[in-house]
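Structure at a glance
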Amino acid sequence: MQNDLLTFGGRALASRLIVGTGKYPDMTIARAAILASGAAMVTVAVRRVDLSRREGESILDVLQDAKLAILPNTAGCYTADEAVRTARLAREAGLSELIKLEVIGDQRTLFPDTEGLLQATRVLVKEGFVVLPYTNDDLVVARRLRDAGAAAVMPLAAPIGSGLGIQNPVNLRILIEEIRDVPVIVDAGVGTASDAALAMELGADGILMNTGIAGAGDPVKMARAMRAAVEAGRLAFEAGRIPRKLHASASSPVEGLIR
Amino acid sequence: MQNDLLTFGGRALASRLIVGTGKYPDMTIARAAILASGAAMVTVAVRRVDLSRREGESILDVLQDAKLAILPNTAGCYTADEAVRTARLAREAGLSELIKLEVIGDQRTLFPDTEGLLQATRVLVKEGFVVLPYTNDDLVVARRLRDAGAAAVMPLAAPIGSGLGIQNPVNLRILIEEIRDVPVIVDAGVGTASDAALAMELGADGILMNTGIAGAGDPVKMARAMRAAVEAGRLAFEAGRIPRKLHASASSPVEGLIR
Amino acid sequence: MQNDLLTFGGRALASRLIVGTGKYPDMTIARAAILASGAAMVTVAVRRVDLSRREGESILDVLQDAKLAILPNTAGCYTADEAVRTARLAREAGLSELIKLEVIGDQRTLFPDTEGLLQATRVLVKEGFVVLPYTNDDLVVARRLRDAGAAAVMPLAAPIGSGLGIQNPVNLRILIEEIRDVPVIVDAGVGTASDAALAMELGADGILMNTGIAGAGDPVKMARAMRAAVEAGRLAFEAGRIPRKLHASASSPVEGLIR
Amino acid sequence: MQNDLLTFGGRALASRLIVGTGKYPDMTIARAAILASGAAMVTVAVRRVDLSRREGESILDVLQDAKLAILPNTAGCYTADEAVRTARLAREAGLSELIKLEVIGDQRTLFPDTEGLLQATRVLVKEGFVVLPYTNDDLVVARRLRDAGAAAVMPLAAPIGSGLGIQNPVNLRILIEEIRDVPVIVDAGVGTASDAALAMELGADGILMNTGIAGAGDPVKMARAMRAAVEAGRLAFEAGRIPRKLHASASSPVEGLIR
Amino acid sequence: MLIHLNGGEHQAPEGATLSGLLEAMRLQPGRVAIEVNGRVVARADFERVQIREGDVLEVVQFVGGG
Amino acid sequence: MLIHLNGGEHQAPEGATLSGLLEAMRLQPGRVAIEVNGRVVARADFERVQIREGDVLEVVQFVGGG
Amino acid sequence: MLIHLNGGEHQAPEGATLSGLLEAMRLQPGRVAIEVNGRVVARADFERVQIREGDVLEVVQFVGGG
Amino acid sequence: MLIHLNGGEHQAPEGATLSGLLEAMRLQPGRVAIEVNGRVVARADFERVQIREGDVLEVVQFVGGG
């Protein structure tokens, strides 16, 4: 990885935070929060044009001047075929090869179907896509995704939108230690700033989040919080934390005490 | 508490992070890290002048131009009397009423002796000191310290220098909920950025730390991390995080999926 | 401590589990659950006789044939004086010197007032009581209680009735390591079997609980669960657990694999 | 699931604890610990006869009179083919259709290769095996294993032999909630009694462990601890624990206090 | 004769002992403890301790508690 | 002529192109992608691809998502 | 006659059966399983299955494992 | 004249003031605090407070601490 940038698929992003554009109370808040997050890339979903009503302002309209990279997703797809089809439409709509690949395996948890994910990754890589797969925290799967040509691997921290934070730091840490040649971007489950900081401290190269910001009491303020937290966690990771000890270690000298 | 400032004893600090000045590899790194932390107040210890050797540059020398408030501590004192005596010397040396009050009750853990702490607080408040007591995370003790006139209460997160992070978020949260009229500053035990963010998310008004920065692999970088983490945690606290849920909640719409 | 018994104040209990008698749906379930727990000692509260109505069967009636030691408490007392007065009444009512000493410092959390607790301990020890104080998890306070003559120290795991389990294993472990000459009995906060096992694995000599059993869906079954859990935790503590490792260690041999 | 038994593949085991037979200091301790665990089924590995030396007493010799069901594993197999081949040899050696199926995907963590696992499960089920696959904690994979005819699913709690305990209770709980028609047996990672109790409290039908017992300071005592812990956790699960609350709830009545 | 009993007012016959009071209340002496004007009375003394006008009594027993 | 559009039935004039359809729907071609009978049509081809009776069309666009 | 046994080379007498081999190795047939050239042989067949020059044999047993 | 300074024994000239002592020790008065026989002396008084035989002095300063 290059020093301060999140790089994959030939791109270098100036921020390690990628944010979603869904679930905001309104477009004004969405825009303000997304800008406040400092993100250089945002995700969008691909959906049918609603013919029954006049479309209002879209998320792309309000972000038009912000020069953000657009990362379409295949959210809602339950098979590799659906995901591939959605990815192809996304490419035509956005004129870019980037795709956040989701193949969902369970409706209640939105956990990925890693078998379908791997299949779809292989097809899309062959078609020239830059594939960013949303996956579980299984090292063996991550390695296969990387070997299949994924431009990054994006393990979940916890169920999408759950806000539970890093459920399995051991698995995540092991995965990050072993996947060195493409970025590991924690995707889903981050609920608050300390979750984001912790993910970065474990060595993640970036974080993708949506609900944690969009669903907060004050999304713009939370966007600023997340921006600072990702930076804080990354700096702490690079700085190298002190070891944990069961007992105390005085921070003031013990010599020279008056008696 | 006023909006963006940490206020106590008639002072308003521009940063919610207070940092120690001990344990740095050298004075240059100490200065750089302290400045990088953005802290507006630093702690120092009171020690006998060492008559056996020519004193080198002191921590105050290297921070002279930085306009930081100086907060002397009574580290190393094991009785209320020792702490009171040290506080009086500190006042004369620093020409300020501020004192970080430590009355240690155990050598291995450096846990506070809350009985002695309360006693010393009463004496020093009567003498006009602005007393910031380092205490445990016991609400009942915190309330008594406040009632005795402490300008803030400073519960530990974990043993001094242990880097274990917030050991008892429940106790800390309860304490913060109940102590509303003076600031609650988490003192001791913060090991890395996510610990700091978490403490602030629990509603702490500020954090005091030393070893977490001074003992890091790259103290200056960790100081920047901690600065960002305190800011991130505070913003997240103010923004209001999403509730935790066991299951998922899609961030992309479920309407308009192609089939 | 003697081998398999919980000993204090000249008594040796055949079980490391002490249970409360409050909050049961009815006396039949209370009796069945208490017997199922295998406890050799039960706590009771001291309350005014209700003159307005004919008293029904009391908890002591239903336990009469069970030969359990009775441990009266001073629950509900907010000052050392109230607790001392209640202890004296309890002694006369029960004709025993045993007292579970509670001096409550906060109504919402029922956290102990450790200052009042220490005061009352000193008074009662002088009067010949066998004092078992309910305290916080502060080592310095625990040491003072022991020095004041307490027959055991009983730190809380979490607020009474909260069911939160061991909130601060580090503090508890440190306390247990240092308090060697009287038993450490975890009192309050245990919610389920694994909490009890964990407390014992940390080295606690015993556990006192009430709500965790009485408030369970099936109190008798939960009593059996707690009995087994205390035994399991104690055995595990004595056996010595394997060290934690980040990575795997095969349990089947790596030699002799067919290829 | 039937009431008190762990049932799968037409078998009903009298204990919910299954233990491994590897890594014991010697055969005497192995036998004593396995018997003390109360397990009704034990795992064994399949390895080449060592022609270079006279074979000593085997694990089966020392357990001969104990009437334990034998569950051979495919430990050490890194492909579906190897695992299938080993399973076939195991069937011939043990004259039983039971197989604990392991297809390892990573040497350092011994994490399963879920793709190979699913493949091997399909082959072996077709050949009449009763397949118990060691898998990760992914619900989607678990469902596919069940659909492929696995007689149980055996998610790991943490890396084999790591002793880290339940790393992801959320995933495990979700998996257990959804996999209702075959038992869920937590396999690998349990380090001490409270880990075992916790796994059972999450609703697991059974636990399989080896290193936690065999590697303990006193394996026989730890075996007793684990037996009690599995029982405790199961009882607590069936009893239904009290809800967690942030604040206290008095266990002694508040009426009738003397004033 | 008016006494204060368990926080309420109560009429007791002149010269009544603690034992008499318990009997009137149908309470077994073996299960209660009594405080008269803030001092605990030993159970052995219930028969000979007389109640006086205005005494403040607390009669307590054990109940289920944790 | 009847076509299937975004899951519903729709009338389109004979010989209409994808561009014409978008125009009729008041949609900007630069924001949508179109699939005809399961195959994505390149945006550059919108003007020359004609719709036929019974075609199954999906017209999609980007919306807020995570 | 040379055979490959458990990863090593081994001499076996011409016409030897699996039973004979086990006997020569002092192994009880009830405790082992045998694979010949990648196929498992049923225990019931040990007496009649003859070993041939160059056969690849695996003779396995159960050992302690988790 | 013998005094006790910072835990050790020290010779000071008769009639020396605290200021004089600091000067002799090459310490800046603005950076230290002094306790004489357990009582802190105000910095403003350094010039006029004289040291006596047997005085116990503590001269302290700020050092790095947490």
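Residues numbered from 1 in each chain as written. Chains lettered and ligands numbered in written order. Predicted model: local features only at pLDDT ≥ 70, side-chain atom pairs only at ≥ 80, totals over all residues. Heavy atoms only, no water.

Before going further, it helps to examine the overall build of chain E. Secondary structure summary: chain E contains one helix and five strands in total. Scanning chain E from its N terminus toward the C terminus, one meets helices and strands in the order β-β-α-β-β-β. Across its three principal axes, chain E shows a C-alpha extent of roughly 40 × 25 × 20 Å. Considering only contacts within chain E whose residues lie at least 6 apart along the sequence, 57% involve residues at least 24 apart. About 3,400 Å² of surface is accessible on chain E, with carbon and sulfur atoms providing 46% of the total. Treating the 6 positive side-chain charges of chain E as one cloud and the 9 negative ones as another, the clouds have centres 9 Å apart. (Helix = DSSP H or I, 4+ residues; strand = E, 2+ residues; numbered from the N terminus. Contact = heavy atoms within 4.5 Å. Areas by Shrake-Rupley, 256 points an atom, 1.4 Å probe, with all protein chains shown as cover. Lys, Arg positive; Asp, Glu negative; His and termini not counted. Charge placed at Lys NZ, Arg CZ, Asp CG, Glu CD.)

Right, let's get into the overall build of chain A. Regarding its fold elements, chain A presents nine helices and ten strands. Over its C-alpha trace chain A gives a radius of gyration of 20 Å, about what one expects of a compact globule, namely 18 Å for 259 residues. Across the 259 residues of chain A, 67% fall into the buried class. Residue pairs in contact within chain A that sit at least 24 positions apart in sequence constitute 65% of those at least 6 positions apart. Of the accessible surface of chain A, which amounts to about 8,600 Å², a share of 49% is contributed by carbon and sulfur atoms. (Rg over C-alpha atoms; globule rule 2.2 N^0.38 Å. Buried < 20%, exposed > 50% of the residue type's maximum accessible area, 1.4 Å probe, protein only.)

Here the two chain copies are tied together by a rotation about an axis and a shift along that axis. The transformation that overlays chain B on chain A combines an axial shift of 0.0 Å with a rotation of 180 degrees, and the residual RMSD is 0.0 Å. In short, the pair behaves as if placed about a two-fold rotation axis. Looking at the interface residues of chain B, 100% of them are also at the interface in chain A, so both copies use one shared face. (Least-squares fit on C-alpha atoms with pLDDT ≥ 70 in both.)

Right, let's talk about the pattern of salt bridges for a bit. By the definition in use, this model includes 84 salt bridges over all chains. As a salt-bridge pair, Glu-178 of chain D and Arg-108 of chain A come within 2.6 Å of each other at their nearest N and O atoms. Taken as a pair, Glu-178 of chain D in helix α6 (residues 169-178) and Arg-108 of chain A in the loop between β6 (98-101) and α4 (114-126) lie in two separate chains rather than in one. Using a relative accessible area of 22% as the deciding quantity, one classes Glu-178 of chain D as partly exposed. Two residues, Asp-65 of chain D and Arg-31 of chain D, come together in a salt bridge whose shortest N-O distance is 2.8 Å. Highlighted residues: Asp-65 of chain D in the loop between α2 (59-63) and β5 (69-72) and Arg-31 of chain D in helix α1 (residues 27-37), separated in sequence by 34 residues. Using a relative accessible area of 54% as the deciding quantity, one classes Asp-65 of chain D as exposed. One salt-bridge network, held together by shared partners, links Asp-106 and Arg-108 of chain A together with Arg-143, Arg-173, Glu-177 and Glu-178 of chain D. (Salt bridge = Lys/Arg side-chain N within 4 Å of Asp/Glu carboxyl O.)

If you rotate chain B by 180 degrees and push it 0.0 Å along the axis, it lands on chain C with an RMSD of 0.0 Å. Of the residues that chain B buries at the interface, 100% are likewise interface residues in chain C, meaning the two copies contact each other through the same surface.

This next bit is on the interface of chain B and chain A. Tallying the contact residues gives 67 residues for chain B and 67 residues for chain A. Interface of chain B and chain A: buried area, both sides summed, is about 5,700 Å²; carbon and sulfur atoms make up 58% of it. Here Glu-238 of chain B makes a salt bridge to Lys-221 of chain A, at a shortest N to O gap of 2.9 Å. Here chain B and chain A share 36 residue pairs in polar contact (both at pLDDT 80 or more) between them. Take the side of chain B that touches chain A: its biggest share by element is twelve residues, from helix α9 (residues 219-239) of chain B. Of the residues assigned to the side of chain B that touches chain A, the class counts are 27 nonpolar, 23 polar and 17 charged. (Buried area = accessible area lost by both parts, 1.4 Å probe. Polar contact = N/O pair within 3.5 Å; in protein donor to acceptor, adjacent residues only side chain to side chain. Nonpolar A, V, L, I, M, F, W, Y, C, P; charged D, E, K, R; others polar.)

Phi angles above zero are rare outside glycine, and Asn-37 of chain E is one such case at about 50 degrees. With respect to the element layout, Asn-37 of chain E can be found in the loop between β3 (32-36) and β4 (39-41). Since its relative accessible area comes to 46%, Asn-37 of chain E is described here as partly exposed. Located in the positive-phi region is Arg-26 of chain H, a residue other than glycine, with phi close to 60 degrees. Along the polypeptide, Arg-26 of chain H turns up in the loop between α1 (18-24) and β3 (32-36).

Now for the packing of α4 of chain A against helix α5 (residues 139-147) of chain A. Residue and element names in this part refer to chain A. Closest axis-to-axis distance for the α4/α5 pair is 9 Å, and the angle between their directions is 10 degrees. Considering their axes alone, α4 and α5 lie roughly parallel with respect to each other. Relative to α5, the crossing made by α4 is right-handed. Contacts between α4 and α5 involve Thr-114, Leu-117, Leu-118 and Thr-121 on the former and, on the latter, Val-141, Arg-144 and Leu-145. Residue classes in the contact of α4 with α5 are distributed as four nonpolar, two polar and one charged. (Axes fitted to C-alpha atoms, helices over the stretch in contact; angles between N-to-C directions. Parallel < 35°, antiparallel > 145°, perpendicular 65-115°, else oblique. Left-handed = near helix turned anticlockwise from the far one by under 90°.)

This next bit is on α5 of chain A. Counting buried residues along α5 of chain A, seven of its nine residues qualify, which places the element largely inside the surrounding structure. Buried within α5 of chain A are the following residues: Leu-139, Val-140, Val-141, Ala-142, Arg-143, Leu-145 and Arg-146 of chain A. Against the buried residues of α5 of chain A lie α4, β7 (130-135) and α6 (169-178) of chain A together with α4 (114-126) of chain D. For α5 of chain A, the N-terminal cap is Asp-138 of chain A; the gap from its side-chain oxygen to the backbone nitrogen of Val-140 of chain A is 2.7 Å. Phi turns positive, to about 105 degrees, at Gly-149 of chain A, one or two residues after α5 of chain A.

Turning our eyes to something else, we now look at the sheet that holds β6 of chain A. The strands that make up a sheet are held in pairs by hydrogen bonds between backbone atoms, and each pair lies either parallel or antiparallel. Residue and element names in this part refer to chain A. Here three strands make up an open sheet; going across it, the order is β6-β7-β8 and the pairing parallel. Whereas interior strands pair on both sides, the edge strands pair on one side only; in this sheet they are β6 and β8 (154-155). Against the sheet, α4 touches β6 and β7, its axis set at about 175 degrees to β7. (Pairing = 2+ DSSP bridges.)

Time to look at helix α7 (residues 193-201) of chain C. Counting buried positions along α7 of chain C yields eight of nine residues, so the element is predominantly enclosed. For α7 of chain C, the full list of buried residues reads Ala-193, Ser-194, Asp-195, Ala-196, Ala-197, Ala-199, Met-200 and Glu-201 of chain C. Lining the buried residues of α7 of chain C we find β9 (185-187), β10 (206-209) and α9 (219-239) of chain C together with α7 (193-201) and α9 (219-239) of chain D. Just downstream of α7 of chain C, Gly-203 of chain C is the residue with a positive phi angle, here 105 degrees.

Counting all residues, the mean pLDDT for chain E is 92, and 100% of those residues have values of 70 or more. Across the assembled chains, the prediction reports ipTM 0.92 with pTM 0.93. (pLDDT = per-residue confidence, 0-100.)

Residue and element names in this part refer to chain C. Read across the sheet, three strands follow the order β6-β7-β8 without closing on themselves; strand pairing throughout is parallel. What marks the edges here is a single partner per strand, and that holds for β6 (98-101) and β8 (154-155). Both β6 and strand β7 (residues 130-135) contribute to a ladder of four bridges, which runs parallel. Each residue of the ladder has a partner; that of Leu-101, found in β7, is Pro-133.

What follows covers the pairing of β7 of chain C. The side chains of a regular strand alternate, residue by residue, between the two faces of the sheet. Residue and element names in this part refer to chain C. For β7, a buried count of six out of six residues is recorded, marking the element as mostly surrounded by other parts of the structure. What joins β6 to β7 is helix α4 (residues 114-126), and the crossover it makes is right-handed. Taken together, β7, helix α5 (residues 139-147) and β8 form a β-α-β motif whose crossover is right-handed. (Right-handed = clockwise from strand over helix to strand, strands pointing away.)

With that settled, consider the interface of chain B and chain C. On the chain C side, the residues contacting the 27 residues of chain B number 27 residues. For the pair chain B and chain C, the two sides together bury roughly 2,200 Å², of which 44% comes from carbon and sulfur. For the pair chain B and chain C, the interface holds ten salt bridges. If you look at where chain B meets chain C, you find twelve residue pairs in polar contact (both at pLDDT 80 or more). Every element with two or more residues in the side of chain B that touches chain C is listed here: α4 (114-126), α5 (139-147) and α6 (169-178) of chain B. Along the lines of polarity and charge, the residues of the side of chain B that touches chain C split into ten nonpolar, seven polar and ten charged.

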